[in-house]
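Topology and contacts: notes
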Amino acid sequence: MDIAFRRLRPSSDPEPLIRFLTGESWPFHSVSEVDRETARQWIADGRFDNEENRSFWIDDDDTVGLVRLMDLTDDTPLFDLRIRAEHRGRGIGVRAVTWLTRYLFEELPDIRRVEGTTRQDNRPMRRVFLRCGYAKEAHYREAWPAMDGTVHDTVGYAILRRDWLSGTVTVPEWDDEK
Ligand SMILES: CC(C)(COP(=O)(O)OP(=O)(O)OC[C@H]1O[C@@H](n2cnc3c(N)ncnc32)[C@H](O)[C@@H]1OP(=O)(O)O)[C@@H](O)C(=O)NCCC(=O)NCCS
């Protein structure tokens, strides 16, 4: 499977992005049902394309997903990833995180790390982090109130530039309170 990443400029043509966001539910995002008004507002706010944020369509035969890179002027960028439901479980998530990690380290020569967070029960995303060389660094208990009233833990992963370069994974020193 050959997938491609295409920079998204939603201010000139917002409709494809509005359709993508509103076309299905996103249960592992804090807003799981995005309505058109919310999508429009996010686009107008520059959430997908401004100095801090850049976004890319993931193209296979069709547009299958969206990568959003955030905090691009900070020391540690973050990312968000959405694959359309019918295209999940085909390895696109692993390819996308591999691609965006390289993109960030190459585009931003001063950053040392890339971070991502997800809900504790998002098993596919947690596998993607591990498959792509990210280490679990954070566990925030009851930090994720979902729209259905349930509360979940949030988990945080990151990759270091030096690990990315060497193909190793340095885990945090957890047992440091002896
Ligand atoms: C999370 C997401 C990006 C993963 O992308 P994907 O293309 O489905 O993932 P992949 O096909 O690359 O699979 C990655 C791993 O997850 C595993 N996986 C896939 N679906 C799974 C499931 N339902 N339960 C457990 N593991 C699962 C795969 O087996 C693979 O692990 P392996 O390498 O051990 O076999 C995608 O499912 C998605 O967009 N989900 C909705 C939005 C979301 O949760 N985004 C993350 C926000 S941080």
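The following paragraphs examine the structure supplied in this document. (Residues numbered from 1 in each chain as written. Predicted model: local features only at pLDDT ≥ 70, side-chain atom pairs only at ≥ 80, totals over all residues. Heavy atoms only, no water.)

**Focus on the pattern of salt bridges**
Counted only if it meets this: The working definition used for a salt bridge is a side-chain nitrogen of Lys or Arg within 4 Å of a carboxyl oxygen of Asp or Glu. Strands here mean DSSP runs of E at least two residues long; helices mean DSSP runs of H or I at least four residues long; both are numbered from the N terminus. Accessibility here uses a 1.4 Å probe with only protein chains present; expressed as a share of the type maximum, an area under 20% marks a residue as buried, one over 50% as exposed, and anything in between as partly exposed.
Within this structure, the stated rule accounts for 14 salt bridges. Put simply, Asp49 and Arg7 hold a salt bridge, and the shortest N to O gap is 3.1 Å. Of this pair, Asp49 sits in the loop between α2 (36–44) and β2 (54–59) while Arg7 sits in strand β1 (residues 4–7), placing them 42 residues apart in sequence. For Arg113, the salt bridge is made with Glu137, and the minimal N-O distance between the two is 2.9 Å. Of the two residues, Arg113 is situated in strand β5 (residues 113–119) and Glu137 in strand β6 (residues 135–145); the sequence distance between them amounts to 24 residues. You can call Arg113 buried: its relative accessible area is 19%. Owing to a relative accessible area of 30%, Glu137 belongs among the partly exposed residues under this scheme.

**Section: the layout of surface pockets**
The method is simple in principle: a probe with the dimensions of a water molecule rolls over the atoms, and the space it marks as empty is what remains. Rule in force here: The method works on a 1 Å grid over the protein atoms by themselves. A cavity is a set of points holding a 1.4 Å probe that cannot get out, a pocket is an open set with protein on both sides within 12 Å along at least five of seven lines, and residues with an atom within 4 Å of a point line them. Grid points are joined across faces, edges and corners, and a volume is the space filled by probe spheres set on the points. Classification convention: Asp, Glu, Lys, Arg as charged; Ala, Val, Leu, Ile, Met, Phe, Trp, Tyr, Cys, Pro as nonpolar; all other residues, Gly among them, as polar.
Put simply, the largest pocket is a space of about 890 Å³. Along its surface, the largest pocket is lined by 35 residues, and His29, Asp80, Leu81, Asn122 and Met125 are the ones closest to its centre. In terms of residue class, the lining of the largest pocket is made up of 18 nonpolar, 9 polar and 8 charged.

**Observations concerning unusual backbone geometry**
Residue Asp71 is not a glycine yet carries a positive backbone phi of 55°. Here Asp71 lies in the loop between β3 (63–70) and β4 (78–83). For Glu142, which is not a glycine, the phi torsion comes out positive at approximately 50°. Positionally, Glu142 belongs in strand β6.

**Some details on the packing of aromatic side chains**
To be explicit about the condition: Ring pairs shown here join Phe, Tyr and Trp side chains whose ring centres sit within 6.5 Å, with only the six-membered ring taken for Trp; geometry is labelled stacked below 30 degrees between planes, edge-to-face above 60, and tilted in between. Either the NZ atom of lysine or the CZ atom of arginine qualifies as a charge over a ring when it sits within 6 Å of the ring centre and within 35 degrees of the ring normal.
Within this structure, the stated rule accounts for 11 aromatic pairs. Ring geometry for Phe5 versus Trp99: centroids 4.1 Å apart, planes at 5°, classification stacked. Of this pair, Phe5 sits in strand β1 while Trp99 is found in helix α3 (residues 92–107), placing the two residues 94 residues apart along the sequence. Looking at Trp99, the relative accessible area reads 23%, which means it is partly exposed. Relative to Phe129, the ring of Phe79 has its centre 5.8 Å away and its plane inclined at 55°; by these criteria the two rings are tilted. Of this pair, Phe79 sits in strand β4 while Phe129 sits in helix α4 (residues 123–131), and the two are 50 residues apart along the sequence. A relative accessible area of 7% places Phe79 in the buried class. Members of the aromatic cluster, each reached through a chain of ring pairs, are Phe5, Phe56, Trp99 and Tyr103. The lysine or arginine in question, Arg82, covers the ring of Trp26, its NZ or CZ lying 5.1 Å from the ring centre.

**Digging into the packing of α3 against α4**
Put simply, the rule is: Geometry is summarised by axes, namely lines fitted to C-alpha atoms with helices restricted to the contacting stretch, and by angles between N-to-C directions that run from 0 to 180 degrees. Here the word oblique covers every angle except those under 35 degrees (roughly parallel), over 145 (roughly antiparallel) and from 65 to 115 (roughly perpendicular). The hand of a helix crossing depends on one turn: near helix anticlockwise from the far one by less than a right angle means left-handed, and clockwise means right-handed. By the convention used here, residues are in contact when the closest approach between their heavy atoms is within 4.5 Å.
Running from amino to carboxyl end, α3 crosses α4 at an angle of 45°, the nearest separation of the two axes being 9 Å. One element, α3, and the other, α4, form an angle in the oblique class. For the crossing formed where α3 meets α4, the hand is right-handed. The residues of α4 that touch α3, namely those facing Gly93, Val94 and Val97, are Met125, Val128 and Arg131. By residue class, the composition of the contact of α3 with α4 is 4 nonpolar, 1 polar and 1 charged.

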